[in-house]
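# Observations on chain architecture
The chain contents come next:
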Amino acid sequence: MSTSTTPARTRSSWSLKDLVLLVVLGVVFGFLYWVFVQAWTALSILMGPAGDLSQHFLAGSWLLVAPIAIAIVQRPFAGVIAEVLASVIEVVFLGSAVGPMLFIAAAIQGIGSEIPFAATRYRSYGWATYALSGLLGAGLVFFYSAFRSGWYGQDVFFLRLVIHLISGLVLGGLLAKVIVDNLAKTGVVDNFAIGRTRLGKANAR
Amino acid sequence: MTAATTSAFTASGSVLARRNPTVKLALLFVVSLAMVFVFDPVTPAVLYIVALATIQASTRLPVKAMALGHVPFVAFGLGIFLVNALSRPGQILWEAGPVRVTVEGLSVGGSLALRTLVIGILAIGFVASTDGVALMGSLHQHARLGSRVTYAVLAGYRMLQEMPREWQTIRQAHAVRARLRPDGTLPRGLSAYRRAAFALLVVSVRKGERMAQSLESRGLGLSPRTTWRKIPLNSTDWLMATTVLAVLGGILALSHILGFLEGYDALFS
Amino acid sequence: MPAEPALQLTDVSVEFPRRDSAVLRGVTLRLDPGEHLIVFGASGSGKSTLLQAITGVVPHTVLSTLTGSVSVNGTSTIDASVVELSRHIGVLSQDPSSGVCLPDVEQELALPLENRAVPPEQISARIDHALAAVGAAGLRQRQTDRLSGGEGQRVALAASLIAEPALLLLDEPTSMLDPAGLTAVRQAIDAATAAFGPSVVLVEHRLDDYAGPAGIAGLPERAVVLGDDGRVLADGDTAAVLAGSAGQLNARGCWLPLETELLAVTGRPGGLATPEVRAALRALALPREGDDLQAPRGLGMPNDDGASPAPRIGDTVLTARNVCVSRGAELKKRRRPRRTAETAPAILKHVNFELRRGEITALLGANGTGKTSLLLTLAGLLPPAEGSVAGARPGMVFQNPEHQFVAHSVVDEVRHGLPGDAGRLVKTVLDQHRLIHLADQSPFRLSGGEKRRLSVAAMLAHDRPSLLADEPTFGLDRRDTIATAAAFRQAAAAGRAIFFSSHDLRTVATLADRAVVVAEHTVIADGAIFDVLRDPDVLMRAGLRLPPLLDWLLAEFDSAPDIRRVLNGLDAAVSGATTAPQLSGSRV
Ligand SMILES: Nc1ncnc2c1ncn2[C@@H]1O[C@H](COP(=O)(O)OP(=O)(O)OP(=O)(O)O)[C@@H](O)[C@H]1O
Ligand SMILES: Nc1ncnc2c1ncn2[C@@H]1O[C@H](COP(=O)(O)OP(=O)(O)OP(=O)(O)O)[C@@H](O)[C@H]1O
Ligand SMILES: [Mg+2]
Ligand SMILES: [Mg+2]
């Protein structure tokens, strides 16, 4: 007698592997942002008032971690949790200039990024889904930041919004897909949900 | 325990360092949240002075460290101040060509900049007096953070500690085999960084997977479990919490009575 | 009533997706409580996979298919989660860098106890005890990111023992350890056996060092041999298994205890104690036609056989002048204010030496003495706190192979950084390092030894005047160690200087012309390899211990070429070691 198992995924509780992956993504992107922000802060001081505006160009990159996490783990709340964990790493261990309000921003971003994937029940990972994810993530968090930083009532409000959305679309959406596809190619995420689906597709072909 | 390796400086052993990390985090959070609804410059200014004095007294940070810690917040605040001063419609104070400064702009900008400083000084006090590892332990014990999440974050923290070195090693491992440019120097462009960043991601994901295996093989997730090093949570912590909230409430109330306090409407007045 | 087996595998096969052939096939194995088992097998034969099947990682965590059944203490691994199984099992995984997960050593060791609900008041004492058992009592207050490779391995071992599991799975627990560490591991396992009597499954390469003077009797009493196709080739009493398949195992390139190896080569049992075996070894030392290629060439090396090889030691390519190696300099350069406050003491001071073309130099020293740091400094990757390093850009093989990987497949990895027309070269290199059958695999999906080979191969494909290698043979099986050594020799013959660190003195004696020994925060010896190995004072101060074979050879022969001929003669008995690999095809 022999039993064959490729264990079915239990949807009930998070596996440690998945949790650690979310943390790792948070850490890596937290670290890369940190390196990046070092350079950025100096630049934005030099740019004076334009520095405050210029933050919107890169706003999308803060969204990256959510779609990547969702695509690899493929289960509900992965995006939100990944964003929040990334912000915890940033605030608690790296010391961010925004302080703990970042947690809330992160959660809002995560929700925004996750909605398009949730709408496809975590099945579709095409360009459109990623693009929408970046757009929504950036959009939602924009209104929160605007409230927090008092952008309402400023002349440049709409300029801010447009730059913010484009950045979200490109850096927070499309770039995420590029990264995920490359990551999958290396084989390091084979043991996660993404590996199973890819394998399933390969076998079906 | 480890020093707060990622903070710019440490104040271990100070009065504030002995307080419970969860309580400190919660207070930081509450004050930051309260600040979001304040839009006049006077209230945050007062709060900032009070906070600065208290934190200086309770952490005894060297002045230089304190000043250094302020740099990002001041820079951030300055940016906000300038943008608001220049781009907010209202009563014109000064005008030259396209550049125009309004009273409302100065007021709101000042408020937002000072808010950044208040959050900044609290964050400095928090980071300087709190060990990240102890914080996670405390969140686990006092805030019901699950053991798996706690240790996942701690494992992440360890990776973070190693990351600057990991990054350097990867850059160098790549450089060792990279083809030199015609002038004999190493390729330095964006693509070299991109490659290294991607390798960092790959190596970390891989390492994370093995760490998860390692943690599971050590029984993380079994119940019941015990906690070896209890992070104390005692009456002094509650006293601190009450005092901080009372002072915050007091200043807000006083500011309101004296007519300084302004809320969200300030943006559209 | 017969006791419940500690471990029962019934007809277990394991397959990985994207691999054509199964890694384990029809493995059936039963281990009684308290029984100790050693697993022999070449690199890639599935030893680590077998251990993962026992912990439940295969198939629960790693995407794979397992048929058959595995049960641990009566619990089937199909039904139980990895965490649930961890109640019975202590694991030391093969990759030492991921064996340690938490920021502090203390926390790392407390975790298994906390998870098993050990009363807090007992924990501190048990941490002390476990650290002392692995010879790492001094590491308790350390942060884990500052541990050297070997120090980390000791902490990981302590963490796997501390909860006193019923079944211990040790995947190459000594691959990066110095002799003191090896003895400590040995003693820790013995102490554990005496204290709580776990069953042990051990995968180990450095068998002679591990077994110590007891020889085969010092190994676990039971042995299993895994073949290249993942089947169990032999299972039984260790001495009998080794005696029965000595020739076959040796030819396949498994590491074997000396006695067994000598049996395979000379056909006579009894090891070095037997006059016939010694006679056969002496016969190996007789010069033959055309083998002077392998003889050591060194400064001051006595060259007593008539046909003296042309001295191929050339000009200097890398010079270290009064170098002070420190980790502090690196941190300052990074301009991270938070760490500058802690002044890092110098790891090595007053380091002076030169690397010359055509010369192979070994770097020897105990764990944590600063070998890695020195190599990084020489490679220009860690700025020296004092002094200077001069020379052309060296190549470097890192201690952690994964750091080097940039490509998505093995073949692209080797091709990386080479000119476009390097196709032939790539193929030769892959062949030489027995990687051709893995050419299309992702570098990250390889076994431990395969990764090590790939990282060495990829660097050797580049033509650099000097090559620095940090433990280039750790985790390799014998066949691959020999192949790597051959590749180094070839590189040296082509005029490169080679400088490598290693804890494996036999490989060092086979390969190196010269040795640099670090201890006491400086270089304590630098000279012809056998001169250094013959100096009891240096050996003692550096904590080096000669394996029995070397000990005998050094006592028996005065001339370096004789010793080298014996060592090479023994290596020649491993098939595919020096010629093209014939076994590589078997898995494709
Ligand atoms: N997740 C995986 N996916 C695909 N192939 C794998 C995976 N894990 C291991 N393999 C392959 O299975 C074979 C056996 O690997 P394993 O790690 O068990 O070897 P090993 O006997 O421990 O070798 P070594 O002595 O080098 O550590 C190797 O050829 C390896 O490339
Ligand atoms: N990043 C670091 N920061 C501070 N100290 C370090 C760092 N890395 C290593 N060390 C310490 O420096 C010393 C030398 O470490 P190194 O890794 O060079 O040793 P090694 O000789 O290579 O040891 P092993 O044989 O165990 O690999 C050790 O005591 C180690 O704990
Ligand atoms: Mg292995
Ligand atoms: Mg080392």
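## Focus on the overall build of chain C
- Looking only at helices and strands, chain C has 23 helices and 19 strands in total.
- The buried share of chain C, taken over its 588 residues, is 63%.
- Across chain C, contacts joining residues at least 24 apart in sequence account for 70% of those joining residues at least 6 apart.
- Surface summary for chain C: the accessible area is close to 20000 Å², and the carbon and sulfur share equals 53%.

## Regarding the site of ligand 1
Residues and elements named next belong to chain C.
- The local shell around ligand 1 holds 20 residues, among which Ser43, Ser48, Thr49, Gln94 and Gly449 are the closest.
- At a separation of 2.8 Å, an oxygen atom of ligand 1 approaches a polar backbone atom of Gly44.
- Within the side chain of Thr49, a nitrogen or oxygen atom sits 2.5 Å from an oxygen atom of ligand 1.
- Considering ligand 1 on its own, with 640 Å² of exposed area, one finds that the protein chains cover 92% of that surface.
- Elements supplying a minimum of two residues to the shell around ligand 1: helix 1 (47-55) and helix 17 (448-460).
- Considered class by class, the residues forming the shell around ligand 1 number five nonpolar, ten polar and five charged.

## Structural notes on the coordination of the magnesium ion (ligand 4)
Residue and element names in this part refer to chain C.
- Taken together, the protein ligands of the magnesium ion (ligand 4) are Thr372 (OG1) and Gln399 (OE1), with distances of 1.9 to 2.6 Å. Of this pair, Thr372 sits in helix 14 (residues 371-378) while Gln399 sits in the loop between strand 15 (395-397) and helix 15 (410-415), and the two are 27 residues apart along the sequence.
- Residue Thr372 is classed as partly exposed on the basis of its relative accessible area of 22%.
- A relative accessible area of 16% places Gln399 in the buried class.

## Some details on the interface of chain A and chain C
- Chain A puts 18 residues into the contact, and the matching count from chain C is 18 residues.
- Carbon and sulfur atoms make up 54% of the area that chain A and chain C hide from each other, which totals about 1700 Å².
- Inspection of the chain A/chain C interface yields one salt bridge.
- In this structure, the salt-bridge partner of Arg445 of chain C is Asp190 of chain A, at a minimum N-O distance of 2.5 Å.
- On inspection of chain A and its partner chain C, the count reaches four residue pairs in polar contact (both at pLDDT 80 or more).
- When contributions to the side of chain A that touches chain C are tallied by element, the ones reaching two or more residues are strand 1 (4-5), helix 1 (16-46), helix 7 (157-186) and helix 8 (193-204) of chain A.
- Split by residue class, the side of chain A that touches chain C holds four nonpolar, ten polar and four charged.

## With respect to the sheet that holds strand 19 (residues 522-528) of chain C
All names here are of chain C.
- Sheet architecture is open: six strands sit in the order 15-16-17-13-18-19, paired in mixed fashion. Two strands close off the open sheet at either side, each with one partner strand: strand 15 and strand 19. Between one strand and the next, the sheet's axes are offset by a mean angle of 15 degrees, whatever the strand orientation.
- Where helix 17 meets the sheet, its contacts fall on strand 15 and strand 16 (466-470), and the angle it forms with strand 15 comes to roughly 175 degrees.

## So, the sheet that holds strand 10 (residues 232-237) of chain C
Residues and elements named next belong to chain C.
- A sheet is described by the order of its strands in space; here six strands give the open sequence 6-7-8-3-9-10, paired in mixed fashion. Looking at the sheet topology across the chains shown, the edges are occupied by strand 6 (89-92) and strand 10. On average, each strand axis in the sheet is inclined to that of its neighbour by 15 degrees, with strand direction left out of account.
- Here strand 9 (residues 222-226) pairs with strand 10 via five bridges, running antiparallel. Along strand 10, the bridge assignment pairs Leu226 with Val232.

## Topic: the coordination of the magnesium ion (ligand 3)
Residue and element names in this part refer to chain C.
- Bound to the magnesium ion (ligand 3) on the protein side are Ser48 (OG) and Gln94 (OE1), at distances that span 1.9 to 2.1 Å. Here Ser48 is found in helix 1, whereas its partner Gln94 is found in the loop between strand 6 and helix 4 (105-115), with 46 residues between them in sequence.
- With a relative accessible area of 23%, Ser48 lands in the partly exposed category.

## Describing the site of ligand 2
- As a matter of local geometry, ligand 2 sits amid 20 residues, with Arg142, Arg146, Gly150, Thr372 and Ser373 of chain C nearest to it.
- At the site occupied by ligand 2, nearby residues are drawn from chains B and C.
- In the complex, the protein chains occlude 89% of the 640 Å² of accessible area that ligand 2 would expose alone.

## Topic: the interface of chain B and chain C
- Every contact between the two is made by 57 residues of chain B and, on the other side, 72 residues of chain C.
- Approximately 5800 Å² of surface area, both sides summed, lies buried where chain B meets chain C, with 54% of it carried by carbon and sulfur atoms.
- The three residues of chain B that bury the most area against chain C are Arg177, Arg218 and Trp228 of chain B, which together make up 19% of that side's buried surface.
- Our count for the contact surface shared by chain B and chain C stands at six salt bridges.
- For Arg206 of chain B, the salt bridge goes to Glu402 of chain C, with nearest N and O atoms at 3.4 Å.
- The interface formed by chain B and chain C includes 22 residue pairs in polar contact (both at pLDDT 80 or more).
- Mapped by element, the contributors of at least two residues to the side of chain B that touches chain C are helix 6 (147-177) and helix 7 (190-217) of chain B.
- Split by residue class, the side of chain B that touches chain C holds 25 nonpolar, 17 polar and 15 charged.

## Let's talk about the packing of helix 3 (residues 65-73) of chain A against helix 5 (residues 101-119) of chain A
Residue and element names in this part refer to chain A.
- The interhelical angle for the contact between helix 3 and helix 5, taken along N-to-C directions, is 30 degrees, at an axis separation of 9 Å. Along this stretch, helix 3 crosses helix 5, giving a crossing that reads as right-handed. Across the interface between the two elements, Ala66, Pro67 and Ile70 from helix 3 touch Ser113, Glu114 and Phe117 from helix 5.
- Considering only residue class, the contact of helix 3 with helix 5 consists of four nonpolar, one polar and one charged.

## Remarks on the pairing of strand 13 (residues 360-364) of chain C
Residue and element names in this part refer to chain C.
- In terms of burial, strand 13 is largely enclosed, as five of its five residues are buried.
- Bridge count for strand 13 against strand 18 (residues 514-519) is four bridges, and the pairing is parallel. Bridge pairing in strand 18 places Leu363 opposite Val516.

## Quick look at the packing of helix 2 (residues 42-59) of chain B against helix 4 (residues 103-129) of chain B
All names here are of chain B.
- Two elements in contact, helix 2 and helix 4, have axes separated by 9 Å at closest approach and are oriented at 15 degrees. It follows from the interaxial angle that helix 2 and helix 4 lie roughly parallel. Pair helix 2 / helix 4 crosses with left-handed handedness. Residues Pro44, Ala45, Leu47, Tyr48, Ala51, Leu52, Ile55 and Thr59 of helix 2 form the contact with helix 4, whose own contacting residues are Ser111, Leu114, Arg115, Leu117, Val118, Ile121, Leu122, Gly125 and Ser129.
- Residue classes in the contact of helix 2 with helix 4 are distributed as twelve nonpolar, four polar and one charged.

## Digging into unusual backbone geometry
- For the bond running from Ser223 of chain B to Pro224 of chain B, omega is 0 degrees, close enough to zero to count as cis.
- By secondary structure assignment, the location of Pro224 of chain B is in the loop between helix 7 and helix 8 (235-257).
- Omega for the peptide link from Val58 of chain C to Pro59 of chain C comes to 5 degrees, which places this bond in the cis form.
- Positive phi, close to 55 degrees, is recorded for Arg121 of chain A, a residue that is not glycine.
- Structurally, the position occupied by Arg121 of chain A is in the loop between helix 5 and helix 6 (127-149).

Conventions we followed
Residues numbered from 1 in each chain as written. Chains lettered and ligands numbered in written order. Predicted model: local features only at pLDDT ≥ 70, side-chain atom pairs only at ≥ 80, totals over all residues. Heavy atoms only, no water. Helix = DSSP H or I, 4+ residues; strand = E, 2+ residues; numbered from the N terminus. Buried < 20%, exposed > 50% of the residue type's maximum accessible area, 1.4 Å probe, protein only. Contact = heavy atoms within 4.5 Å. Areas by Shrake-Rupley, 256 points an atom, 1.4 Å probe, with all protein chains shown as cover. Near = heavy atom within 4 Å. Polar contact = N/O pair within 3.5 Å; in protein donor to acceptor, adjacent residues only side chain to side chain. Nonpolar A, V, L, I, M, F, W, Y, C, P; charged D, E, K, R; others polar. Donors = N, O, S within 2.8 Å, 3.2 Å for Na, K, Ca; no water. Buried area = accessible area lost by both parts, 1.4 Å probe. Salt bridge = Lys/Arg side-chain N within 4 Å of Asp/Glu carboxyl O. Pairing = 2+ DSSP bridges. Axes fitted to C-alpha atoms, helices over the stretch in contact; angles between N-to-C directions. Left-handed = near helix turned anticlockwise from the far one by under 90°. Parallel < 35°, antiparallel > 145°, perpendicular 65-115°, else oblique.

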